[in-house]
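As a plain string of letters, each chain reads:
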Amino acid sequence: MQKITAAITGVAGYLPDYVLTNQELERLVETNDEWITSRTGIKTRHILKGENMGSSHMGVKAVQSLLEKTNTNPADIDLVICATTTPDFVFPATATLIAAEVGAFNCFSYDIQAACSGFLYAMWAGAQFIKAGTYKKVVVVGADKMSAIVDYTDRATSILFGDGAGAIMLEPSQDEDGIHDAFLRTDGRYWAHLHQKAGGSRRPPSIETVQNREHYIYQEGAVVFKHAVTGMAQASEEILKRNNLKGSEVDWLVPHQANKRIIEATAQKMGLPEEKIMLVIQKYGNTTNASIPLCLRDYESQLKKGQKLVFAAFGGGFAWGSIYATWAYNG
Ligand code: UT7
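These lines cover the structure that appears in this document, whether it is placed above or below.

The rules behind each value
- Residues numbered from 1 in each chain as written.
- Predicted model: local features only at pLDDT ≥ 70, side-chain atom pairs only at ≥ 80, totals over all residues.
- Heavy atoms only, no water.
- Near = heavy atom within 4 Å.
- Polar contact = N/O pair within 3.5 Å; in protein donor to acceptor, adjacent residues only side chain to side chain.
- Areas by Shrake-Rupley, 256 points an atom, 1.4 Å probe, with all protein chains shown as cover.
- Helix = DSSP H or I, 4+ residues; strand = E, 2+ residues; numbered from the N terminus.
- Nonpolar A, V, L, I, M, F, W, Y, C, P; charged D, E, K, R; others polar.
- Domains from an automatic or database assignment.
- Buried < 20%, exposed > 50% of the residue type's maximum accessible area, 1.4 Å probe, protein only.
- Pairing = 2+ DSSP bridges.

## Topic: the site of the ligand
If you check the shell around the ligand, you find 23 residues, and the closest are Thr31, Arg39, Arg155, Asn259 and Asn286. One of the side-chain nitrogen or oxygen atoms of Arg155 is found 2.9 Å away from an oxygen atom of the ligand. Here the ligand loses 71% of its free accessible area of 950 Å² to cover by the protein chains. Secondary structure elements with two or more residues in the shell around the ligand: α2 (33-40), α6 (155-158), α8 (221-242) and α9 (260-270). Here the shell around the ligand gets four residues from one element, more than from any other, and that element is α8. Among the residues making up the shell around the ligand, the classes are represented as twelve nonpolar, seven polar and four charged. Each of domain 1 (5-176) and domain 2 (180-326) gives at least three residues to the shell around the ligand.

## Quick word on the pairing of strand β12 (residues 308-315)
Among the eight residues in β12, seven count as buried, and that is most of the element. As defined by bridge partners, strand β11 (residues 252-255) adjoins β12 across four bridges and the pair is classed as parallel. Residue Val254 lies in a different strand from β12, and its bridge partner there is Phe311. Here β12 pairs with strand β13 (residues 319-326) via eight bridges, running antiparallel. Paired with Phe314 across the bridge in β13 is Trp320. Remark: three residues form the turn of the hairpin made by β12 and β13, two consecutive strands paired antiparallel; Gly317 in that turn has positive phi of roughly 140°.

Dropping the structure here:
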């Protein structure tokens, strides 16, 4: 039987209109543009404003744009996977809302929750359905309205996150180009360093949890930073080794965008120069599950068929990993 490879055949994204600058944050919390820029690389982030709009609102826009770009009839979609840490509801899945809104009624859909590594986990999961020959069109969306769980009185976290969504289409490859390998890991012993304290089944919402501000992101930044640098580097080195690749052979590093310093440390370990790193953090901040597809969207025009891409992510859980892919079309 002929081997099937899952190819990324299209990318799209969506960012809400409102732009939150470092200058506006200076008016909200005790911070300054110089600190934010030098410690994180972030200048602006987009925020979804308005009542009754969750992550699915942005996911829908990203998928609609993807369907248009790839000339896809929504009825032909087999599966929609949404990676999100800020679902519209505890249930049903945000993927289900997105599928309905874009008119994908011949598919099944579900969410993946792996914090900032969710998009890589979802991409790898989607690729398996294509590789097995089970499905022909899988949409993977990463969508997060981080502003819904950011405490805008906490300077340590409010400066980091932004809202957005990105989506990719996975289809059987015409040749050998596509998603080849993944190295994914979790270590739940570290969960407490980065989590939302209440709102789940362990600590359901109550007046007390709201008064204690427990529905926001809690992060021990320095601990996460240290593990992120080693985790992203380990995952990238591992994927290179397993695929007999030297760092110099990699065309693009597609990293989760949490902190410019973490990204640069990973690239340095791989021996990659700056021009091979996809970087959008300065414009969008940390958009969690949207960061990787938004990188692909913004760099799509520079991508060439056959180029070698290493994806890498690290986040809450801890959950981290890397994926090796070759690009399937000229951007
Ligand atoms: O995507 C999910 C995974 N998340 C990550 O990968 C994030 C990893 N962590 C980080 O990116 C960094 O740890 C942060 C950007 C969150 C913080 O940078 P840092 O260099 O680790 O700073 P720090 O937390 O060690 O704080 C250093 C100092 C502290 O002051 P003192 O105690 O030295 O006087 C903080 O209070 O910087 C202070 N500080 C700030 N100052 C101005 C913290 N936040 C701010 C701020 N503005 N916004």
